[in-house]
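Each chain, letter by letter, is given below.
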Amino acid sequence: MSTPFYAPDFAAPVSSPWNSDQDETLRCVHIRQETADVKTFVLAASGPRNFRYLPGQFITLELEIGGTKINRCYTLSSTPTRPDLVSITVKRVPGGTVSNWLHDNVRVGMELGAMGPSGEFSCFKTPAKSYLFLSGGSGVTPLMSMARALHDLGSDADVVFVHCARTPADVLFAEELTLMARNMPHFRIALVCEQHTPGSNYAGHLGRLDAARLAHIAPDFMQRDVYTCGPAPFMAAVRGLLTTAGFDMPRYREESFSFETLVADAAHAPDNQETAKETTEINYKIDLQKMGKSFTCPSDQTVLQASVAAGFRLPSSCSGGACGTCKTKKISGTVEMKHAGGIRQREIDQGWFLPCCSKPTSDIVMDR
């Protein structure tokens, strides 16, 4: 049985801008099976809405799974040049709580809570003459958003888009990227697969991306602005390759999230407070005012790491200061915070901070 065709009310007035600190209810209107383990969920607002965001930004889903509230950030694979809908493209991760729930449970018509767009990873923030997009696996999504926007705007941008995957069967958006390359005179696509898929007609590069292969695909890569997204090993390899080549790294930008592991950085925190004391002599008291609880945080740990070690589960997602999920009002105390765009200066001025990327410099009282 087919689902009803979704059409927005084009005559209705649109609502206010979509802000990063604004809650939204999104309704799933379509689901596409991209590969065996990747789905795209197409989402609409509950009322008239033109979604405005920077290509490459992400949203934070607010879900309840098994009676537990969980937040996860997903990059928008859609483009703001098609403003009536947004989409996220999600890879099923073995053992991943949220990705498996989305794949197994979300149906057309379901509603999902979300917080508006955030993130600094966008070629539209710092336009350049030429770009090199490097993606690994599902890390293609923010770069796809940028490419779709450039295509829809009729841009004459010089783009080399290199997408790496395990096999040809795992390549995402191959047909659409090929269409973009036909429509845009200075847009080139190159696929790199680690191994062949038996029976496929794949004729792209085989193996892993290395300096020689990159120089063959984009001989002028040293003159391009580079945008990279993918798994951590892929990102590290790209950084190493470019650094060795003498690339001007201020022109290198990357985005990498591991949202399936809550508090990823906390996994590397000391197992107990005694270990922490061996590395620092300063321990600060963190009070959770509403919960009536407290814990100790060494000065060389983030507040989030220490909370996990103490058995407290604070809301979190990216663990890198990018998404803003853990944003908390600080009633008193001071911290050293190194964020990645997940909080705005006006919020900092009002006393908010991100526990995931903040180390205490005094005792702290939190509004939790």
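Keep in mind the model is a prediction, meaning the values are calculated, not measured.

Chemist: I would appreciate a short explanation of the pattern of salt bridges in the present structure.
Modeler: If charged atoms from side chains of opposite charge come close, those side chains can pair. All chains considered together, the criterion is met by 19 salt bridges. For R82, the salt bridge identified is with D152, shortest N-O distance 2.7 Å. With a gap of 70 residues between them, R82 in the loop between β4 (68-75) and β5 (86-91) and D152 in helix α2 (residues 140-152) connect regions that are remote in the sequence. Ionic pairing is found between D225 and R251, a salt bridge with its closest N-O pair at 3.0 Å. Of this pair, D225 sits in strand β11 (residues 225-229) while R251 sits in the loop between α5 (232-245) and β12 (252-255), and the two are 26 residues apart along the sequence. We classify D225 as buried; its relative accessible area is 11%. Through salt bridges with shared partners, one network takes in D37, K91, R166 and D170.

Chemist: How should the nonpolar core be read in this particular structure?
Modeler: One recurring pattern in soluble globular proteins: nonpolar side chains tend to sit buried together. One finds L61, L63, V86, I88 and L102 to be the most contacted residues of the largest nonpolar core, which totals 24 residues. When contributions to this core are tallied by element, the ones reaching two or more residues are β1 (23-35), β2 (38-45), β3 (58-65), β4, β5, α1 (97-105) and β6 (111-118). For this core, the leading source of residues is β3, giving four residues. Among all residues touching I88, those that are not within four sequence positions of it are K39, T40, F41, I59, L61, Y74, T75, L76 and S77. Core analysis: the second largest hydrophobic core is formed by 22 residues, L150, F161, F173 and F187 among them.

Chemist: Sorry if this is basic, but what is going on with the sheet that holds strand β9 (residues 187-193) here?
Modeler: As a general point, the strands of a sheet are linked pairwise by backbone hydrogen bonds and lie either parallel or antiparallel. One open sheet holds the six strands; their spatial order is β10-β9-β8-β7-β11-β12, and the pairing between them is parallel. Across the chains shown, the open sheet's two edge strands, defined by having one partner strand only, are β10 (205-206) and β12. Where β9 lies against β10, two bridges are found, and the strand directions are parallel. Paired with C193 across the strands is L206, a residue of β10. In the packing of α2 onto the sheet, contacts are made with β7 (130-136), β8 (158-165), β9 and β11, and the angle to β7 comes to roughly 145°.

Cut-offs applied
Residues numbered from 1 in each chain as written. Predicted model: local features only at pLDDT ≥ 70, side-chain atom pairs only at ≥ 80, totals over all residues. Heavy atoms only, no water. Salt bridge = Lys/Arg side-chain N within 4 Å of Asp/Glu carboxyl O. Helix = DSSP H or I, 4+ residues; strand = E, 2+ residues; numbered from the N terminus. Buried < 20%, exposed > 50% of the residue type's maximum accessible area, 1.4 Å probe, protein only. Core = buried A, V, L, I, M, F, W, Y, C linked by side-chain atoms within 4.5 Å. Contact = heavy atoms within 4.5 Å. Pairing = 2+ DSSP bridges. Axes fitted to C-alpha atoms, helices over the stretch in contact; angles between N-to-C directions.

Any functional reading would require information that these geometric values do not contain.
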